[in-house]
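# Results of the structural survey
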Amino acid sequence: MSNQNSEIKPGDFVGKKNGSIKDYYEIHEKIGNGGFSKVYLAKQKATGMQRIIKVVKKEMPGVFSKEEILNEINLLKELDHPNIMKVIEYFSSKSHLYIVAEYLKGGELFDKIIQEGFFSEAKAINIITQVLSAVSYLHKHNITHRDLKPENIVFEDHSPNSPIKIIDFGTCHHFVKNEKLKSTIGTPYYIAPEVLTGNYNQLCDIWSCGVILYILMCGCPPFNGKNENEIFSKIKEGKYIFKEQNGAIISKEAKKFIGRMLTLDYKNRPTAEQLLLDPWLKSDMSNNQVALPIIDNLRSFKIDYTLQKAILIYFVNFFDLNEEKKKLMETFKMIDKNHDGQISKFELKEVLEQSLPATEANLEVDRIFKQIDVNNTGEIDFSEYLMANVDYKKHLNEQNLKKIFDLIDSNHSKSIDVSELKEFFHIHDANGLSAITTMIKEVDTDKDGSISFPEFLELMQKYSEKLM
């Protein structure tokens, strides 16, 4: 925890958990089996929520090291985008790392392509818009994925309009401005031509997005061959034709959009931010007026206690609120005009100016950001937006609060002490310890140095009462 105002941010909850993973999770059937890892479905004992657990050997000579796996976890925990998978925590044994992440039950985009053959233009727009939004966010934060493909895009659930999430950040790279990358990393069909020549930057991800969209609409890759060398040769040449399936006609606008992404010279290839403004995508982007209750929630959101805010952040990030998140996502997109998965001050000011004078809107934006921007990025991330808008009267009942309390109370003593809060928030610095001391003082009404469940419940009900 390092933010100046010592507030808890979403990434603070993600870190190494002490003890054995079996103390905290019931591990069920294996649902995935890679070359270097196994993936299991599991149930978190304290909450009953389903998770996935990725089991990886600590040292795989010539493949990756423990440090590389931890780098992936540390990178993922700082990402806060609705179309990027959330990692929750990890455990360590002598030989393995156990990475716990949210359970995305809808299956891979790859399997959906095999099942459906090809997608309608409207469906393809819906999927690629979400992918490009995540890519725009990654590039804005100086991260390139380097292995975007349908196998690494997963549906949240089985509903017809399920959101998608990008997974598997093992090949990603944190780049600096104007850095040229050299390593040949990626999957044959999706790899960009400049990656094959060992001189590329983050725009290699845009090429991969172009290949994905082509496959969504044509049902096959644009650059195919009998072996890798033949595929790579065609990629370097960059020539392809559109194979329209079963009489489906691909519009000129769609072909032009794919062509922009599959620009051979990456120096002339558009960014994700530029692509998200393309008129072809706009047909799927709502321009309706933002619902007033959402704006009212952002304006009225105020937390009186440090622990209250920390619990709300945890709740919206790691509890199963998928149905409500879907509804709130629609309004989020209306405010997020450049569709990068964050709300800027300018974007929020535009909305507020629909009902407030410009000067007052400016002051209100600054006040809202002071309350909601807990990680001090200068943008409102999706989880911060959720924090102000989730229906807590419906979801934050005594049963769910007891689940959160039990998660923190790792020694099952029926009270929460300093050491348990330090572990829950993964705090190791003086600022963080100061925040924890403040949390306990605010809540500890009987002055015994710890927080009982009645004290915890009373604190959180104070916030719920404000919503009545």
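You'll find the structure just up there.
Okay, so let's go over this structure. Source: prediction; values computed, not measured.

## Focus: the overall build of the protein chain
For the protein chain, the helix and strand inventory stands at 20 helices and 14 strands. Each principal axis of the C-alpha distribution contributes one length, and for the protein chain these read about 75 × 60 × 40 Å. Across the 468 residues of the protein chain, 54% fall into the buried class. Working note: accessible area of the protein chain is about 21,200 Å², and carbon and sulfur atoms make up 50% of it. Counting 60 positive and 67 negative side-chain charges, the protein chain places the averaged centre of each group 4 Å from the other.

## Some thoughts on the nonpolar core
Ranked by size, the top nonpolar core spans 153 residues in total, and within it Leu 132, Leu 213, Leu 216, Tyr 385, Phe 425 and Phe 456 carry the most contacts. Looking at this core element by element, the count peaks at twelve residues for helix H5 (residues 204–218). Apart from residues lying up to four places away in sequence, Leu 216 is in contact with Leu 109, Ile 113, Phe 118, Phe 119, Ala 124 and Ile 127.

## Points about unusual backbone geometry
Of note, the phi angle at Asn 376 is positive, near 55 degrees, even though the residue is not glycine. Among the structural elements, Asn 376 can be located in the loop between helix H14 (358–372) and strand E12 (379–381). With a relative accessible area of 44%, Asn 376 lands in the partly exposed category. Located in the positive-phi region is Lys 414, a residue other than glycine, with phi close to 70 degrees. The residue Lys 414 is located in the loop between helix H17 (398–408) and strand E13 (415–416) in this model. According to the relative accessible area criterion, Lys 414 is exposed, its value standing at 68%.

## Focus on the packing of helix H10 (residues 292–300) against helix H15 (residues 382–389)
Interaxial distance between H10 and H15 falls to 8 Å at its minimum, and their mutual angle equals 95 degrees. In this view, H10 runs roughly perpendicular relative to H15, as classed from their interaxial angle. Taking contact as the criterion, the partners of Ile 294, Asn 297 and Leu 298 in H10 are, on H15, Tyr 385, Ala 388 and Asn 389. Residues of the contact of H10 with H15, tallied by class, amount to four nonpolar, two polar and no charged.

## Points about the sheet that holds strand E6 (residues 107–108)
Overall, antiparallel pairing links the three strands, which are arranged E6-E8-E9 in an open sheet. The sheet is open, and its two edges are formed by E6 and strand E9 (164–166), each paired on a single side. Here strand E8 (residues 153–155) runs beside E9; their pairing, made up of three bridges, is antiparallel. Bridging across to E9, Ile 153 finds its partner in Ile 166.

## What about the pairing of strand E3 (residues 50–57)?
Summarising the sheet, strand E2 (residues 37–44) and E3 pair through seven bridges and their orientation is antiparallel. Its bridge partner lying in E3, Tyr 40 is registered against Ile 53. Connecting E2 to the antiparallel partner E3 that follows it, the hairpin turn spans five residues, and Gly 48 within it adopts a positive phi of roughly 80 degrees. Pairing analysis gives seven bridges linking E3 to strand E5 (residues 96–102), with the strands arranged antiparallel.

## Points about the environment of Ala 358
Mapped onto the secondary structure, Ala 358 falls in helix H14. When the C-alpha positions of Ala 358 and Thr 187 are compared, they lie 50 Å apart, and in sequence the two are 171 residues distant. Here Ala 358 is in contact with Lys 349 and Glu 353, once residues within four sequence places are set aside.

## Examining the sheet that holds E2
Strand order in the open sheet formed by five strands is E1-E2-E3-E5-E4, and the pairing between neighbours is antiparallel. Single-partner strands in this sheet number two, and they are strand E1 (25–33) and strand E4 (87–92). The average angle at which neighbouring strand axes cross in this sheet is 30 degrees, direction not considered. Here five bridges tie E4 to E5, and the two strands are oriented antiparallel to one another. Directly across from Tyr 90, in E5, lies its bridge partner Ile 99.

## With respect to the packing of aromatic side chains
By the definition in use, this model includes 25 aromatic pairs. When the ring of Phe 405 is compared with that of Phe 456, the centres are 5.6 Å apart and the planes differ by 55 degrees; the resulting orientation is tilted. Highlighted residues: Phe 405 in helix H17 and Phe 456 in helix H20 (residues 453–467), separated in sequence by 51 residues. Of the two residues examined, Phe 405 and Phe 456, each falls in the buried class. With a centroid separation of 5.3 Å and 65 degrees between ring planes, the pair formed by Phe 424 and Phe 425 is classed as edge-to-face.

## With respect to the pattern of salt bridges
What the rule picks out here adds up to 20 salt bridges. Across the salt bridge formed by Glu 323 and Lys 326, the nearest N and O atoms sit 3.5 Å from each other. Of the two residues, Glu 323 and Lys 326 are both situated in helix H12 (residues 322–335); the distance of three residues between them amounts to about one turn of the helix. What makes Glu 323 exposed here is its relative accessible area of 52%. Between Asp 366 and Lys 345 there is a salt bridge, with its nearest N and O atoms 3.3 Å apart.

## Describing the side chain of Asn 83
Counting through the fold element by element, Asn 83 comes out in the loop between helix H1 (66–77) and E4. By relative accessible area, which is 3% here, Asn 83 ends up buried. If we skip the residues at most four places from it in the chain, Asn 83 touches Gln 130, Ser 133, Ala 134, Ile 164, Lys 165 and Ile 166.

Conventions and cut-offs
- Residues numbered from 1 in each chain as written.
- Predicted model: local features only at pLDDT ≥ 70, side-chain atom pairs only at ≥ 80, totals over all residues.
- Heavy atoms only, no water.
- Helix = DSSP H or I, 4+ residues; strand = E, 2+ residues; numbered from the N terminus.
- Buried < 20%, exposed > 50% of the residue type's maximum accessible area, 1.4 Å probe, protein only.
- Areas by Shrake-Rupley, 256 points an atom, 1.4 Å probe, with all protein chains shown as cover.
- Lys, Arg positive; Asp, Glu negative; His and termini not counted.
- Charge placed at Lys NZ, Arg CZ, Asp CG, Glu CD.
- Core = buried A, V, L, I, M, F, W, Y, C linked by side-chain atoms within 4.5 Å.
- Contact = heavy atoms within 4.5 Å.
- Axes fitted to C-alpha atoms, helices over the stretch in contact; angles between N-to-C directions.
- Parallel < 35°, antiparallel > 145°, perpendicular 65-115°, else oblique.
- Nonpolar A, V, L, I, M, F, W, Y, C, P; charged D, E, K, R; others polar.
- Pairing = 2+ DSSP bridges.
- Phe/Tyr/Trp six-rings, centres within 6.5 Å; stacked < 30°, edge-to-face > 60°.
- Salt bridge = Lys/Arg side-chain N within 4 Å of Asp/Glu carboxyl O.

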